[in-house]
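Listed below are the residues making up each chain.
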Amino acid sequence: MVETVIVGATRTAIARSFKGALVNVPAETLAETVLTEAVRRARIDPSHIDDVIFAELNYGGGDLARYAAVAAGMTTVPGQAVNRHCAGSLTAISNAAAHIGVGMERVIVAGGVQSLSTSPIMKWRVPGPALEFREPWMPPSHPETPDAPTLDMAITVGWNTAQAVGITREEMDAWAERSHRRAVAAIDAGKFVDEIVPIKVQQPDGSVLDFAVDEHPRRDTTLERLASLPVLHPEIDGFSITAGNSSGINDAAAAVTLVAGDYAAAEGLDVLGAVRAWANSALAPRDTGLGAVAVIGKVLDRAGLAASDVTLWEINEAFASVPIAACREYGLDEERVNFSGSGCSLGHPISASGARMVTTLLYELRRRGGGIGVAAMCAGGGQGGAVVVEV
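This one's a predicted model, so the numbers in the text were calculated from it and none came from an experiment.

Moving on to the overall build of the protein chain. Helix and strand content of the protein chain: 10 helices and 14 strands. The C-alpha radius of gyration of the protein chain comes to 20 Å, within 12% of the 21 Å expected for a compact globule of 391 residues. Per-residue burial over the protein chain gives 58% buried out of 391 residues. Put simply, 77% of the contacts in the protein chain that link residues at least 6 apart link residues at least 24 apart. On the protein chain, roughly 15500 Å² of surface is accessible, and the fraction owed to carbon and sulfur atoms is 52%.

Let us now look at helix 8 (residues 291-303). Compared with an ideal rise of 1.5 Å per residue, which puts 13 residues at 18 Å, helix 8 spans 18 Å between its outermost C-alpha atoms and is within 8% of the ideal. Buried within helix 8 are the following residues: Gly 291, Ala 292, Val 293, Val 295, Ile 296, Val 299 and Leu 300. If you follow the buried residues of helix 8, they end up packed against strand 11 (273-282), strand 12 (312-315), helix 9 (321-330), strand 13 (372-379) and strand 14 (383-390).

One pair of aromatic rings is described through two measures. These are the centre distance and the angle between the planes. Applying the stated criterion to the full structure yields one aromatic pair. Pairing Trp 159 with Phe 239 gives two aromatic rings, centres 5.0 Å apart and planes at 40°, and the pair type is tilted. Separated by 80 residues along the polypeptide, Trp 159 in helix 4 (residues 153-165) and Phe 239 in the loop between helix 6 (223-228) and strand 10 (250-260) bring together distant segments of the chain. Each member of the pair, Trp 159 as well as Phe 239, is classed as buried. Looking at Arg 11, its charged tip hangs above the ring of Phe 192, at a distance of 4.8 Å from the centre. Against the face of Trp 175 rests Arg 178, its NZ or CZ located 4.7 Å from the ring centre.

So, on to the pairing of strand 5 (residues 107-115). Burial analysis of strand 5 places nine of its nine residues in the buried class, which makes it a mostly covered element. Along strand 5, one buried face is formed by Val 107, Val 109, Gly 111, Val 113 and Ser 115 and the opposite face, lined by Ile 108, Ala 110, Gly 112 and Gln 114, is buried too. Relative to strand 5, strand 3 (residues 51-55) runs parallel, the two being bridged by five bridges. Across the sheet, Ile 53 pairs through a bridge with Ala 110, a residue of strand 5.

This brings us to the nonpolar core. Note on soluble globular proteins: their nonpolar side chains tend to be buried together. Counting 85 residues, the largest nonpolar core has Ile 6, Leu 35, Ile 49, Phe 54, Val 109 and Leu 258 as the members making the most contacts within it. Not counting residues up to four positions away in its chain, the partners in contact with Ile 6 are Val 256, Thr 257, Leu 258, Asp 270, Val 271, Leu 272, Gly 273, Val 275, Val 358, Leu 362 and Val 389. Core analysis: the next-biggest nonpolar cluster, separate from the first, contains 42 residues, Leu 300, Phe 319, Val 322 and Cys 344 among them.

All right, on to helix 3 (residues 88-101) then. The terminal C-alpha atoms of helix 3, which comprises 14 residues, lie 20 Å apart, in line with the 20 Å expected from a rise of 1.5 Å per residue. Burial analysis of helix 3 places 11 of its 14 residues in the buried class, the great majority of the element. Here helix 3 has its buried residues at Gly 88, Ser 89, Leu 90, Thr 91, Ala 92, Ile 93, Ser 94, Ala 96, Ala 97, Ile 100 and Gly 101. A positive backbone phi angle near 85° is found at Gly 103, which sits one or two residues after helix 3.

What counts, and where the lines are drawn
- Residues numbered from 1 in each chain as written.
- Predicted model: local features only at pLDDT ≥ 70, side-chain atom pairs only at ≥ 80, totals over all residues.
- Heavy atoms only, no water.
- Helix = DSSP H or I, 4+ residues; strand = E, 2+ residues; numbered from the N terminus.
- Rg over C-alpha atoms; globule rule 2.2 N^0.38 Å.
- Buried < 20%, exposed > 50% of the residue type's maximum accessible area, 1.4 Å probe, protein only.
- Contact = heavy atoms within 4.5 Å.
- Areas by Shrake-Rupley, 256 points an atom, 1.4 Å probe, with all protein chains shown as cover.
- Expected span 1.5 Å × (residues − 1).
- Phe/Tyr/Trp six-rings, centres within 6.5 Å; stacked < 30°, edge-to-face > 60°.
- Lys NZ or Arg CZ within 6 Å of the ring centre and 35° of its normal.
- Pairing = 2+ DSSP bridges.
- Core = buried A, V, L, I, M, F, W, Y, C linked by side-chain atoms within 4.5 Å.

Structure, rendered in structure tokens:
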């Protein structure tokens, strides 16, 4: 296998969907922004790019990767759309590493884009003799069962995971509070400045906002405030999932530039880190929240690593129960997990989250002098995805 290295990584700041800074910024603009910046940071000739692979979700079957390439003036660069729900941009990165690793390509930009604010409303024709449509409609991630509804992840992911592992609401609230505290501390320390590409957003009054700071973390989050929030399903006995210990609904994009190691050496490029392994996994849909647990074991085995070999972890907080379950299974030091916040605080721009996690890992590992990072997450339909990088 050819060594695959990352020579550029960036993301937009993360906005709140439907009411945040990016509410009127289409996914196409977000995609073009991170593609252009990932290439600029890599210092490569755009004509050398073999492909662009972007994850996308709920955009009606388009191809944002190719759109972004053309919009950025890279008309000779093809583009590919991938979808693995929450783990989509981790899949984009691993697919790129695979193409480069077997020697078929030399340079690929991979990442993901999510703009729930501008996603089209889709209609579904109800089966039957009448021409009847249901609106709005989202494509289901799996065949629905009573214990795994397709459009209620609070049950399918958050609650089922908490029940399976025996996680209390107090534990989930404590995790969420720390997530917000860490995210705010990272913002105040300027830790995200290097990884974020500012995006200019036209305001209703004609002014232009330079959006460059994640807006979802709440400075006023406390355990008392979290404890006061109502549960999302009070009709279910003992239900413990709230808006506070769940991830946000967000807009953002992220991308990394991957190249063959010998290409990076020949071109004199600065290497941020190397891709060491990747994996995907699947369980029954009702166990979706345990997808991160399952895929971590698989990716560590492929990388020839023990959990103790990993310097830093990004385990997406789709719900706080997800990283708690992974920490219990592998005995992880929670100080090394989601060190600058995650889904509960920074937010979860679905198709962009995986590339955001890899980007944050690379910059933080460089700040700490190197090491091994693992980005892992559960994904719709009982899946899991993970990527191992080394700085």
